[in-house]
Amino acid sequence: MISLRWIGCLGFPFLFWATLEASRILDLVYGKEFVEGALALQILIWGQGLDLFCPFFGHVLYVKEKERKVFFINLASLIGNILSNVILIYFLCLKRDNDPTLAPIASALSMVVSLSIMFIGYVISFAEFGRAKESLLALARPAILALITLPVVFFIKPYVPVYLTWLVYGIVFMILAFALKVVRLFDYRRFWFLSGFSE
């Protein structure tokens, strides 16, 4: 599962960092008046995180000629998105004195619900090949390492700009990822032959 480990190493550090630094990211890119949208951004970030991992599973299922399963997983995800949008917008916005400021949060949560359905569906489908547990473990290693190294952001956050916290955190993470052999420098050899799923 070399491909998944690399996806995890590229994705999890950014997800954790952006979750912590959401307010400063919005301040840097859009200005202080947009900082109130930090919660919606944090939720969207994890939705996009799920969207980062789902294509791997979907492509493998296509290769395994399981297009029917991909169709029904995506259909369930679509239905989940529609229902969660209707329910969450109703309860978060309309039930709270028609507060429109909660609509982005409701929509972000709906996307996370939708992509969670997709991710769970793909993992369950992988159980047919006996690779579900292996796939989750391949993602767990970089996720745990990203979480362990996250205090780096806390320590340097008061002293450096937001873009430097990402740079320093990313460098520390990758050094440890190589040192602990979560990924290896010569893994690229497998990508040339598209055989990342073979290990």
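Residues numbered from 1 in each chain as written. Predicted model: local features only at pLDDT ≥ 70, side-chain atom pairs only at ≥ 80, totals over all residues. Heavy atoms only, no water.

## Focus on the overall build of the protein chain
Here is step 1: What the protein chain contains, in helices and strands, is nine helices and zero strands.
Here is step 2: The N-to-C order of helical and strand elements in the protein chain reads α-α-α-α-α-α-α-α-α.
Here is step 3: Among the 199 residues that make up the protein chain, the fraction classed as buried is 41%.
Here is step 4: Split by element, the accessible area of the protein chain, about 11600 Å² in all, is 71% carbon and sulfur. (Helix = DSSP H or I, 4+ residues; strand = E, 2+ residues; numbered from the N terminus. Buried < 20%, exposed > 50% of the residue type's maximum accessible area, 1.4 Å probe, protein only. Areas by Shrake-Rupley, 256 points an atom, 1.4 Å probe, with all protein chains shown as cover.)

## Looking at the pattern of salt bridges
Here is step 1: By the definition in use, this model includes three salt bridges.
Here is step 2: Between E21 and K157 there is a salt bridge, and its shortest N-O distance comes to 3.8 Å. Remark: K157 occurs in the loop between α7 (151–156) and α8 (162–179) and E21 occurs in the loop between α1 (2–20) and α2 (22–29); sequence separation between them is 136 residues.
Here is step 3: Given the relative accessible area of 0%, E21 is considered buried.
Here is step 4: Salt bridges sharing common partners tie together E21, R24 and K157. (Salt bridge = Lys/Arg side-chain N within 4 Å of Asp/Glu carboxyl O.)

## Points about the packing of α2 against helix α3 (residues 38–63)
Here is step 1: Two numbers describe how α2 lies on α3: the axes approach to 9 Å, and their chain directions differ by 110°. With respect to α3, the axis of α2 lies roughly perpendicular. In this structure, α2 uses A22, S23 and L26 to contact α3, whose residues at the interface are A38, L41 and Q42.
Here is step 2: For the contact of α2 with α3, the class distribution of residues is four nonpolar, two polar and no charged. (Axes fitted to C-alpha atoms, helices over the stretch in contact; angles between N-to-C directions. Parallel < 35°, antiparallel > 145°, perpendicular 65-115°, else oblique. Contact = heavy atoms within 4.5 Å. Nonpolar A, V, L, I, M, F, W, Y, C, P; charged D, E, K, R; others polar.)

## Quick word on the nonpolar core
Here is step 1: Counting 43 residues, the largest nonpolar core has L4, F12, F56, F57, F119 and Y122 as its most contacted members.
Here is step 2: Every element with two or more residues in this core is listed here: α1, α3, α4 (67–94), α5 (103–126), α6 (132–148) and α8.
Here is step 3: With 10 residues, α1 is the single largest residue contributor to this core.
Here is step 4: Setting aside residues up to four positions removed in sequence, F119 forms contacts with L50, F53, C54, F57, L136 and L139.
Here is step 5: A40, C93, I105 and A106 belong to the second largest nonpolar core, which has eight residues in total. (Core = buried A, V, L, I, M, F, W, Y, C linked by side-chain atoms within 4.5 Å.)

## As for α1
Owing to its 3.6 residues per turn, the α-helix brings residues three or four apart onto one side.
Here is step 1: If you check α1, its first and last C-alpha atoms are 28 Å apart, about what 19 residues at 1.5 Å a residue would give, namely 27 Å.
Here is step 2: In α1, a bend of some 25° at G11 exceeds every other bend along the element, and P13, a proline, comes one to four places later.
Here is step 3: Here α1 lies mainly inside the structure; 15 of its 19 residues are buried. (Expected span 1.5 Å × (residues − 1). Bend = angle between axes of the 7 residues up to and from the residue.)

## Brief notes about the confidence of the model for the protein chain
Here is step 1: Put simply, the protein chain has an average pLDDT of 85, and 89% of its residues get 70 or more.
Here is step 2: Counted against residues more than four places away or in other chains, residues 193–199, with its pLDDT under 50, gives 18 contacts. (pLDDT = per-residue confidence, 0-100.)

## Comments concerning the packing of aromatic side chains
Here is step 1: Evaluated as defined, the whole model comprises 14 aromatic pairs.
Here is step 2: Their ring planes at 45° and their centres at 5.4 Å tell us that W17 and W166 sit as a pair that is tilted. One end of the pair, W17, is in helix α1; the other, W166, is in helix α8, and 149 residues separate them in sequence.
Here is step 3: Judged by its relative accessible area of 7%, W17 falls in the buried class.
Here is step 4: Measuring from ring centre to ring centre gives 5.6 Å for Y30 and F34, while their planes differ by 45°; the resulting arrangement is tilted.
Here is step 5: Taking relative accessible area as the criterion, F34 reaches 44% and is therefore assigned partly exposed.
Here is step 6: Here a set of aromatic residues connected by ring pairs shows up, and it is made of F56, F57, F119, Y122 and F126. (Phe/Tyr/Trp six-rings, centres within 6.5 Å; stacked < 30°, edge-to-face > 60°.)

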